[in-house]
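# Residue-level structure breakdown
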Amino acid sequence: MKPEFREETKIDICDRLLSVVESVYRLDLKTRSRERKYIGARISYSYILRDLGFGWTDIGRTINRTHATIINNVKQFETYMKFDPNFKELHKIIADKFDVDDVIIFDSKMLELENQVNTLNLKVKELNSQNSIANFELKNLKEFSNKNKSIHQLINHKVKPEKEKEVELKLRRILNGI
């Protein structure tokens, strides 16, 4: 079964993770409490977001904490995983519900790059079209050149430079009469 990718902004990811953590722990993560269950929930939340590449301050803002608190939470994660089986089990449930491996972060920079790629693709199509037109015109010019090549060679070979104007006038008279 292929994983299903969700296109989300960083805010969407934080909101979704916050909802998952709060539903698993059955608490409000933004509450200013030092109870063990709140600390465990914040550690799990901070660790997952940091693992996804979020900055310390960005994580802290989402749960009304400082960057220093988030750094401390992430440092404590391994200890909690090692010595607290309840935390370990709850974190696994959160990670499974959140589908950490299937999340793609689309921020404004990514969208900007996609727009640039689309613009460049349109330019490539336009250039390919112009190239096709130029190749068609070149082919026609080559055919036209080959069509009258023997006449050009004959004139270049037989006509002396001082007689070019005279021959040109005679050719015009002949061709106008046709």
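Residues numbered from 1 in each chain as written. Predicted model: local features only at pLDDT ≥ 70, side-chain atom pairs only at ≥ 80, totals over all residues. Heavy atoms only, no water.

What follows concerns the packing of helix 2 (residues 36–51) against helix 5 (residues 85–98). Angle between the axes and distance between the axes are the two parameters that describe a pair of packed helices. Where helix 2 meets helix 5, the axes come as close as 10 Å, and the angle between the chain directions of the two elements is 45°. In terms of orientation, helix 2 lies oblique with respect to helix 5. As helix 2 runs across helix 5, the sense of the crossing is right-handed. Together, Gly40, Ile43, Ser44, Tyr47 and Ile48 of helix 2 and Phe87, His91, Ile94 and Phe98 of helix 5 make up the contact between the two elements. Each residue belonging to the contact of helix 2 with helix 5 can be placed in one class, and the counts come to six nonpolar, three polar and no charged. (Axes fitted to C-alpha atoms, helices over the stretch in contact; angles between N-to-C directions. Helix = DSSP H or I, 4+ residues; strand = E, 2+ residues; numbered from the N terminus. Parallel < 35°, antiparallel > 145°, perpendicular 65-115°, else oblique. Left-handed = near helix turned anticlockwise from the far one by under 90°. Contact = heavy atoms within 4.5 Å. Nonpolar A, V, L, I, M, F, W, Y, C, P; charged D, E, K, R; others polar.)

Now for the packing of helix 1 (residues 10–25) against helix 5. Relative to each other, helix 1 and helix 5 sit at 140°, their axes nearing to 10 Å. Judged by the inter-axis angle, helix 1 sits oblique to helix 5. As helix 1 packs across helix 5, the resulting crossing turns out to be right-handed. Contact residues: Ile13, Arg16, Leu17, Val20, Val21, Ser23, Val24 and Tyr25 in helix 1; Phe87, Leu90, Ile93, Ile94, Lys97 and Phe98 in helix 5.

All right, on to helix 5 then. For helix 5, spanning 14 residues, the distance from its first C-alpha to its last is 20 Å, which sits close to the expected 20 Å at 1.5 Å a residue. Once helix 5 ends, the next one or two residues include Asp99, with phi positive near 55°. (Expected span 1.5 Å × (residues − 1).)

Let us now look at the side chain of Ser46. The topology assignment puts Ser46 in helix 2. The class for Ser46 is buried, based on a relative accessible area of 0%. Of note is the side chain of Ser46, whose polar atom sits 2.8 Å from the backbone oxygen of Arg42. Look past the residues within four positions of Ser46 in its chain and what remains in contact with it is Ile59, Ile63, Ile70, Asn73 and Val74. (Buried < 20%, exposed > 50% of the residue type's maximum accessible area, 1.4 Å probe, protein only. Polar contact = N/O pair within 3.5 Å; in protein donor to acceptor, adjacent residues only side chain to side chain.)

Note: most peptide bonds trans; most residues except glycine with negative phi. Even without a glycine there, the phi angle at Arg26 is positive, about 55°. Residues other than glycine seldom take positive phi values, yet Asn64 does so here, at roughly 55°. The residue Asn64 is located in the loop between helix 3 (56–62) and helix 4 (67–83) in this model.

This part covers the side chain of Arg42. Note on placement: Arg42 falls in helix 2. No salt bridge is formed by the buried Arg42; the nearest opposite charge belongs to Asp28, separated by 8.6 Å. Within the structure, Arg42 has its side chain in polar contact with the backbone oxygen of Ser33 (distance 2.6 Å). In contact with Arg42, not counting residues within four places along its chain, are Leu29, Thr31, Ser33, Ile63, Arg65 and Asn73. (Lys, Arg positive; Asp, Glu negative; His and termini not counted. Salt bridge = Lys/Arg side-chain N within 4 Å of Asp/Glu carboxyl O.)

Read these as geometric descriptors, not functional statements.
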